[in-house]
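Chain residues, written in single-letter form:
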Amino acid sequence: MIGFGPISKLARSGVLGMNSRNLDFIAAYNPRRFYPLVDDKVITKKLAIEAGVTVPELYGVIRYGGEMNLLEKIAEKHRSFVVKPSNGSGGGGIMVFNGVAKTGLRRMNGQIMLWSDIRYHLNNMLSGMFSMGDGSDQVMVEERLVPHSAFSKLAFGGVPDVRVIVFRGIPVMAMLRLPTAESDGKANLHQGGIGAGIDLVTGITTRGVQHNDSVDVHPDFETPVRDFQVPSWPEILDLASRLGHHIGLGYVGVDIVICEHKGPTLLELNARPGIAIQTANLRGLRPLLLPIHKLPSVPEDVHQRIEIAHANWNGESLERFLAPGEEMRRH
Amino acid sequence: MKRTQLLIIVGALIAAALGIFSYKVTRLGFPVVPNLDSDTWTIEAKVSFRGRGDPVTLRLALPNSEGQFTVVDETFVASGFGVETDTTEIGRQAVFERRAQDGSAVLFYSAKLIAVDQRYADDARPTPEAVSDYRRSERRRAIEENATPLLVALDSILTEALEKSAGERSFITQLARLSADEDEDRISTIIEGGPPEISNASDRLVFLLNAAGTPARHVQGIILDTDTRQAPLTTWVEYWLGETWVSANGTTAEPLNDARTLPIVYDRQPIVAGDGFNRVGVSWSVARNFESQLSRAMERGSEFAPWVNATSLLSLPIDLQLVFRVLLLIPLGALIIVILKQVIGMPAFGTFMPVLIALAFRETQLFTGIALFTGIVAVGLLLRAYFNQLQLLLVPRLAAVLIIVTFVMMFIALAGEAMGIQTGLSISLFPLVIITMTIERMSLTWEEDGATEAMKKALGSLAGAIPAYYILTSEYIEHFAIVFPELLLIVLAVVLLLGRYTGYKVTEYYRFKVLANAGDKTS
Ligand SMILES: Nc1ncnc2c1ncn2[C@@H]1O[C@H](COP(=O)(O)OP(=O)(O)O)[C@@H](O)[C@H]1O
Ligand SMILES: [Mg+2]
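The model shown is predicted, which means the values in this text are computed figures rather than measured ones.

Can you tell me about the sheet that holds strand β11 (residues 213-215) of chain A, naming the residues and giving the values?
Residue and element names in this part refer to chain A. Spatially, the 7 strands line up as an open sheet ordered β11-β10-β9-β8-β7-β12-β13, and their pairing is antiparallel. Strands at the two margins of the open sheet, each flanked by one partner only, are β11 and β13 (263-270). On average, adjacent strands in this sheet sit at an angle of 30° to one another, irrespective of strand direction. Pairing of strand β7 (residues 161-167) with strand β12 (residues 251-259), which is carried by 6 bridges, proceeds in the antiparallel orientation. Within β12, the residue paired with Val 162 across the bridge is Ile 256.

As structure tokens, this is what we get:
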């Protein structure tokens, strides 16, 4: 491609731009009719269970304002749970509760949210205020995941998660997202969370970024964010690869929480995963995606797919994974 | 496969557009640049009155073809009335008659005005004569016989103006300046002693000019203006300079643009006269049509290529043309959006918000627009935050914001009117819904992604609206769009091409700078 200096430098680094992501990967690999499967978290949960993947237990679904007493019953029974709009995105509307008081429910920061405020918030969620698309939504109430103790000095006031980009069922890049005081306990990067690049083979973090700037230590704990071994790494890759293969979407972001009790657990799927993961890994996605794009077929066996993922990350040729008689696709 | 298909479509679109365009320009002579002076106008008069059950005769003064314009295509709509035109020494008139008229009635008159190319106007018109009992020779004689204060003051004023000036034109300007000062002794003497009507500045100027021997007359007519349809009757003066009548401001004697003045009656003749009716009212409106070069091209087109006219927007009625002038700019707005989003990567609320905002600015002018927009959005945001505290449901809350924004706009319009600022008309067209949507989206972004993100997007939307505004208000682009709508096919082609643009956005260069620079070090 001809272009002026800075742009061609960007091209050489293999960065995947938004336009190319949308056309070459999302439009080409993600049929629109499968979007509801990942946009609706209740459906995603069913699919994940089919694929043999651990998910947070669903306590109930609230569809109308009148079903509000359901929440009181669940609160009575489980005490610790999460309320979220089923079609939400970017963490909008999510409330995490870990206890019940007379006047309301206790939030993670210890404050009590009054029942009237909760009712108002639920109504907002039901009217679709936090949801993709227009119109109303339903509210799901699910088990609260407790982050793995290895993160006690790395995640401030929230749940860290691992985002894995899975292409044709093969994990291609991953990052660890750590909430900070600034991000208000949310792991989203644009809200000020830390993104740490992960070596896809070993599961060890390589570097961290916050707001697009490189950071070495977590600002709230002063603990280093690089060279951290993500627990249960092989299981994480296994989960991501299984799920990515099972659903009809070729290019997905799989968000995984490593739960203290349940191990790697699926949080949500994303049909349009962001491209910031490249900055966290200081590596462009394009050179990792193209070899997989050229594979004429992908093995059914999850272990073989993970082998491909390792080779691909190390920059090895994927020729050896071709079935006898197969040839690489041209373009 | 998809690529080649797309390229074929794009090629065909561009070829078709350029083909039609060049045919229209080279063969039919359609003008490529708008000819802003020689144009045609449509004027309309609406006369309403009440009859008393008696026979009605109503005389309406009409513009004539003697000045800058030729009047053609006159039509009258007056059901039940007999109509004829009549030219008397006081001008052209339409005479409407009916045996008996009871209750209210409305009559319409409309005509087309074609600007006369002054190079071909016949200049064999007789030179008029100044009409006055006080011209120099008479005045001198009168002063010798009987030096009344009026005559002395008049003489002194005229002499002073003459002394202070060099040439006819500056004499007139000096005279106007002297005449405007009513507190001056000589002027007040003239007002007291002269004919009764000259307490009014423009009548006084006419009186003085005639006394000085310069033929002058008082005019009532219409100033042709592209911005408004309503055209109130205005007064000005005309004086004879060299060999033409010059239209000029009645107080300052500053010449007016002849191509934009349409005289209807002279010397305070009435616009409507007659008997058998009362409570009469006349309202005038004007609209600009397309250039005469264009109509000549259209005429040529109807001989050689009838399809050109059949598909031309210029064959539509004026009202529809006005609608399409705005409508046809929307494809361009869409193109701007595609470039801003796909190639530059500007953050903004919603997809077409910047263009909608720019369309709103078209009504208000850019600076007022930005000020109004920021002000109303700020008020709306504050209110929304307050409604949030009241814990209202989503849709009622939006509705409440909408209602309050309506009130704010009403208030601004009233305040503007009270302070004599002309915001009233423009703000009423300022789309309410766009503002409300902006407020809602902005406060959502504010809550979820913080103030910086919301500000970034708000600024992005405004920044996108500014270039869009300049494009949507350019007279040349408007001309191109309505005269050569086929060129919009090229816009379509470009948009289609950009639809398969997989290159980087400009903002991504900044976003991934580290990666680009990291590549430098390793290679
Ligand atoms: N079951 C849960 N247990 C604990 N925290 C949760 C749970 N579900 C969501 N969260 C918190 O909410 C954030 C966003 O949740 P997610 O399911 O990814 O929704 P979204 O689609 O809005 O991003 C997570 O990063 C996490 O911090
Ligand atoms: Mg998420």
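How would you explain the packing of helix α10 (residues 330-344) of chain B against helix α11 (residues 353-364) of chain B if you had to name every residue and give the values?
Residues and elements named next belong to chain B. Direction vectors running N to C along α10 and α11 enclose 135°, while the axes themselves pass 9 Å from each other. Classified by the interaxial angle, the pair formed by α10 and α11 is oblique. Viewed along their axes, α10 and α11 form a crossing whose handedness is right-handed. For the pair formed by α10 and α11, the contact residues are Ile 330, Gly 333, Ala 334 and Ile 337 on the first element and Pro 354, Val 355 and Leu 359 on the second. Its residues assigned to classes, the contact of α10 with α11 comprises 6 nonpolar, 1 polar and no charged.

Any chance you could break down the sheet that holds strand β3 (residues 69-77) of chain B for me, citing the residues and the numbers?
All names here are of chain B. Strands sit in the order β3-β6-β1-β12 across an open sheet of 4 strands; the sheet is antiparallel. Single-partner strands in this sheet number two, and they are β3 and β12 (277-288). Sheet twist, expressed as the mean angle between neighbouring strand axes with direction ignored, is 20°. Of the strand pairs in this sheet, strand β1 (residues 40-52) and strand β6 (residues 102-115) are connected by 13 bridges, and their pairing is antiparallel. Residue pairing in the sheet places Thr 40 in a bridge with Ile 114 of β6.

How would you summarise the interface of chain A and chain B if you had to cite specific residues and measurements?
If you look at the interface, chain A gives 33 residues, while chain B gives 28 residues. With both sides pooled, the region where chain A packs onto chain B buries about 2900 Å², and carbon together with sulfur makes up 60% of that total. In terms of surface lost to chain B, no three residues of chain A exceed Asn 19, Tyr 120 and Met 129 of chain A, which account for 24% of the buried area on that side. Our count for the chain A to chain B interface comes out at 0 salt bridges.

I'd love a proper account of helix α1 (residues 2-27) of chain B, names of residues and values included.
Working note: α-helix, 3.6 residues per turn, so residues spaced by three or four point in the same direction. Residue and element names in this part refer to chain B. With 26 residues, α1 ought to run about 38 Å at 1.5 Å a step, and its terminal C-alpha atoms sit 37 Å apart, in line with that. Taken together, the buried positions of α1 are occupied by Leu 6, Val 10, Leu 13, Ala 17, Phe 21 and Lys 24. Looking at the residues trailing α1, positive phi occurs at Gly 29, about 70°.

Describe in detail the side chain of Glu 486 of chain B, supporting the description with residues and values.
Residue and element names in this part refer to chain B. Mapped onto the elements, Glu 486 comes out in the loop between α16 (475-483) and α17 (488-498). When its relative accessible area of 9% is taken as the criterion, Glu 486 is described as buried. Among the polar contacts listed, one links the side chain of Glu 486 to the side chain of Lys 24, at a separation of 3.2 Å. Ignoring sequence-local partners within four residues, the contact set of Glu 486 consists of Ala 17, Ile 20, Phe 21 and Lys 24.

Now, about the site of ligand 1: what can you tell me, with residues and values included?
Residue and element names in this part refer to chain A. Close to ligand 1 lie 16 residues, the nearest being Lys 41, Lys 84, Gly 91, Glu 142 and Glu 268. Between a nitrogen atom of ligand 1 and a side-chain N or O atom of Glu 142, the distance comes to 2.8 Å. Contact with the protein chains removes 93% of the 550 Å² of surface that ligand 1 exposes when unbound. Breaking the shell around ligand 1 down by element, the ones donating at least two residues are β2 (81-85), β6 (139-143) and β13. Grouping the constituent residues of the shell around ligand 1 by class yields 5 nonpolar, 5 polar and 6 charged. Three or more residues apiece are contributed to the shell around ligand 1 by two domains, here domain 1 (5-53 + 148-321) and domain 2 (58-143).

If you had to explain the pattern of salt bridges to someone new, which residues and values would you point to?
Throughout the structure, instances matching the rule amount to 22 salt bridges over all chains. Among the ionic pairs, Arg 177 of chain A bridges to Asp 255 of chain A, the shortest N-O distance being 3.0 Å. On the criterion of sequence distance, the pair formed by Arg 177 of chain A in strand β8 (residues 170-178) and Asp 255 of chain A in strand β12 is long-range, its members being 78 residues apart. One exposure class covers both Arg 177 of chain A and Asp 255 of chain A, and it is buried. Residue Arg 217 of chain B is joined to Glu 238 of chain B by a salt bridge in which the shortest nitrogen-to-oxygen separation is 2.8 Å. Within this pair, whereas Arg 217 of chain B is found in strand β7 (residues 216-223), its partner Glu 238 of chain B is found in strand β8 (residues 234-241), the two being separated by 21 residues in sequence. For Glu 238 of chain B, a relative accessible area of 4% gives the class buried.

Break down the environment of Tyr 109 of chain B for me, citing the residues and quoting the values.
Tracing the chain through its elements places Tyr 109 of chain B in strand β6. Separated by 63 residues in the primary sequence, Tyr 109 of chain B and Lys 46 of chain B place their C-alpha atoms 6.6 Å from one another.

Talk me through the packing of aromatic side chains; I want residue IDs and the actual numbers.
Aromatic rings in a pair are described by how distant their centres are and how their planes are angled relative to each other. Residues and elements named next belong to chain A. Applying the stated criterion to the full structure yields 19 aromatic pairs over all chains. When the centroid spacing of 5.5 Å and the interplanar angle of 80° are considered together, the rings of Phe 25 and Phe 167 count as edge-to-face. Of this pair, Phe 25 sits in helix α2 (residues 18-29) while Phe 167 sits in strand β7, and the two are 142 residues apart along the sequence. The pair formed by Phe 25 and Phe 167 is uniform in burial state, with each residue classed as buried. Judged by centre distance (6.0 Å) and plane angle (75°), the ring pair of Phe 167 and Tyr 251 falls under edge-to-face.

Explain the pairing of β2 of chain A residue by residue, including any values.
Residue and element names in this part refer to chain A. Of all the 5 residues making up β2, 5 are buried; the element is thus mostly covered by neighbouring parts of the structure. Pairing of β2 with strand β3 (residues 95-100), which is carried by 3 bridges, proceeds in the antiparallel orientation. Paired with Val 83 across the two strands is Met 95, which belongs to β3. With 5 bridges connecting them, β2 and β6 associate as antiparallel partners. Bridging from a neighbouring strand, Pro 85 pairs with Val 139 of β6.

Parameters and conventions
Residues numbered from 1 in each chain as written. Chains lettered and ligands numbered in written order. Predicted model: local features only at pLDDT ≥ 70, side-chain atom pairs only at ≥ 80, totals over all residues. Heavy atoms only, no water. Pairing = 2+ DSSP bridges. Helix = DSSP H or I, 4+ residues; strand = E, 2+ residues; numbered from the N terminus. Axes fitted to C-alpha atoms, helices over the stretch in contact; angles between N-to-C directions. Parallel < 35°, antiparallel > 145°, perpendicular 65-115°, else oblique. Left-handed = near helix turned anticlockwise from the far one by under 90°. Contact = heavy atoms within 4.5 Å. Nonpolar A, V, L, I, M, F, W, Y, C, P; charged D, E, K, R; others polar. Buried area = accessible area lost by both parts, 1.4 Å probe. Salt bridge = Lys/Arg side-chain N within 4 Å of Asp/Glu carboxyl O. Expected span 1.5 Å × (residues − 1). Buried < 20%, exposed > 50% of the residue type's maximum accessible area, 1.4 Å probe, protein only. Polar contact = N/O pair within 3.5 Å; in protein donor to acceptor, adjacent residues only side chain to side chain. Near = heavy atom within 4 Å. Areas by Shrake-Rupley, 256 points an atom, 1.4 Å probe, with all protein chains shown as cover. Domains from an automatic or database assignment. Phe/Tyr/Trp six-rings, centres within 6.5 Å; stacked < 30°, edge-to-face > 60°.

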